[in-house]
Amino acid sequence: MFARARRLYAGTAGFAADGGKLVAELLDFFADRLKVHLREKGVRHDLVSAVFAGSTADGTHEDDLMRLVARADALKKFLDSDDGANLLVAYRRASNIVGIEEKKDKASYAGASRPDLLRQDEERALAQHLGQSASGAENAIAVENFVAAMEAMSRLRAPVDAFFDHVTVNCDEPD
């Protein structure tokens, strides 16, 4: 909307050509106001940051304020549930383990996993569920059904719990 208004006024008397800077500043202003609004509604600062850190399918930052609010609401509801809280703990645990190993090995472990290296049933089950949940979440996000996206992620709770209960993550096989 701002970009279109800028184009309509381009070339009129008193309108300075700013190369889109004004549009970016307006979007930043409204984004900051939305962050304050979400915090006033009781949305935790880390959730607000997570929602605003997300990108659109084309890799740009989200500029649809209503979609940001819907994403924040869905994420808050999900993390307030037992499945969401449990999955967040598991994510932090996994992230910490990977971070420690990357620092120790001076290497990055980002990227796809290697299914041929999975030995235990719990490892294979988690890999399968991760693929299914990611697909379900992506499909739900494509139609802006953020609650369904969170529900797809909640199905990871049991396989993640089984993985951490039965798999030795820091084993003697670095692969």
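Below, the structure is looked at part by part. The shown structure was predicted, so the numbers you read here are calculated from the model rather than taken from an experiment. (Residues numbered from 1 in each chain as written. Predicted model: local features only at pLDDT ≥ 70, side-chain atom pairs only at ≥ 80, totals over all residues. Heavy atoms only, no water.)

On to the overall build of the protein, then. Counting its regular elements, the protein contains eight helices and zero strands. Its C-alpha radius of gyration of 21 Å places the protein more than 25% over the 16 Å reference for a compact globule of 175 residues. For the protein, the spread of C-alpha atoms along the three principal axes comes to 70 × 35 × 25 Å. Buried residues in the protein amount to 24% of all 175 residues. Excluding contacts between residues fewer than 6 apart, the proportion of contacts in the protein whose partners are at least 24 apart in sequence is 57%. Carbon together with sulfur atoms contributes 55% to the accessible area of the protein, which is approximately 12100 Å² in total. (Helix = DSSP H or I, 4+ residues; strand = E, 2+ residues; numbered from the N terminus. Rg over C-alpha atoms; globule rule 2.2 N^0.38 Å. Buried < 20%, exposed > 50% of the residue type's maximum accessible area, 1.4 Å probe, protein only. Contact = heavy atoms within 4.5 Å. Areas by Shrake-Rupley, 256 points an atom, 1.4 Å probe, with all protein chains shown as cover.)

Glancing now at a nonpolar patch on the surface. On the surface, F29, F30 and L65 cluster together to form a nonpolar patch covering roughly 260 Å² of accessible area. Examined against the element boundaries, L65 turns out to sit in helix α4 (residues 65-80). With a relative accessible area of 31%, L65 lands in the partly exposed category. (Patch = residues over 30% accessible without salt bridge, like charges linked within 9 Å, V, L, I, M, F, W, Y side chains within 5 Å. Salt bridge = Lys/Arg side-chain N within 4 Å of Asp/Glu carboxyl O.)

With the rule as written, the count across this model stands at two aromatic pairs. On the basis of an interplanar angle of 80 degrees and a centroid distance of 5.3 Å, the ring pair of F29 and F30 is categorised as edge-to-face. A relative accessible area of 34% places F30 in the partly exposed class. Above the face of the F52 ring, K35 is positioned so that its terminal group lies 4.9 Å from the ring centre. (Phe/Tyr/Trp six-rings, centres within 6.5 Å; stacked < 30°, edge-to-face > 60°. Lys NZ or Arg CZ within 6 Å of the ring centre and 35° of its normal.)

With that settled, consider the packing of helix α3 (residues 45-53) against α4. Across the interface, α3 lies against α4 with an axial gap of 10 Å and an inter-helix angle of 130 degrees. Taken together, the axes of α3 and α4 are oblique relative to one another. The way α3 lies across α4 gives a crossing that is right-handed. Packed against α3, whose contacting residues are L47, A50, V51 and F52, the element α4 presents L68, R71, A72, L75, K76 and L79 at the interface. Residues that form the contact of α3 with α4 fall into these classes: eight nonpolar, no polar and two charged. (Axes fitted to C-alpha atoms, helices over the stretch in contact; angles between N-to-C directions. Parallel < 35°, antiparallel > 145°, perpendicular 65-115°, else oblique. Left-handed = near helix turned anticlockwise from the far one by under 90°. Nonpolar A, V, L, I, M, F, W, Y, C, P; charged D, E, K, R; others polar.)

So, on to the nonpolar core. The biggest cluster of nonpolar side chains holds 26 residues, and the ones touching the most others in it are L34, L38, F52, L75, V160 and F164. Every element with two or more residues in this core is listed here: α2 (21-40), α3, α4, α5 (82-105), α7 (146-154) and α8 (157-166). Ranked by residues supplied to this core, first place goes to α4 with seven residues. (Core = buried A, V, L, I, M, F, W, Y, C linked by side-chain atoms within 4.5 Å.)

Here the focus is α2. Compared with an ideal rise of 1.5 Å per residue, which puts 20 residues at 28 Å, α2 spans 29 Å between its outermost C-alpha atoms and is within 8% of the ideal. Within the span of α2, buried status applies to V23, A31, L34 and L38. Viewed end-on, α2 has its buried residues packed into an arc of 70 degrees, placing them on one side of the element. Summarising the geometry of α2, the exposed residues directed more than 90 degrees from the buried face are K21 and E40. (Expected span 1.5 Å × (residues − 1). Arc of directions from axis to C-beta.)

So, on to the side chain of E123. Looking at the element boundaries, E123 is found in helix α6 (residues 121-142). A polar atom in the side chain of E123 sits 2.7 Å from the backbone nitrogen of R119. A distance of 2.6 Å separates the side chain of E123 from the backbone nitrogen of Q120, its partner in a polar contact. Setting aside residues no more than four positions away along its own chain, E123 makes contact with L118, F163 and V167. (Polar contact = N/O pair within 3.5 Å; in protein donor to acceptor, adjacent residues only side chain to side chain.)

Turning our eyes to something else, we now look at the pattern of salt bridges. What the rule picks out here adds up to ten salt bridges. Linking D73 and K41 is a salt bridge whose minimum nitrogen-to-oxygen distance equals 3.3 Å. Residue D73 is located in helix α4, and its partner K41 is located in the loop between α2 and α3; the two are separated by 32 residues in the primary sequence. Its relative accessible area of 25% is what places D73 among the partly exposed residues. For K41, a relative accessible area of 42% gives the class partly exposed. Of the charged contacts, one joins E101 and K104 as a salt bridge, the two residues approaching to 3.0 Å between their closest N and O atoms.

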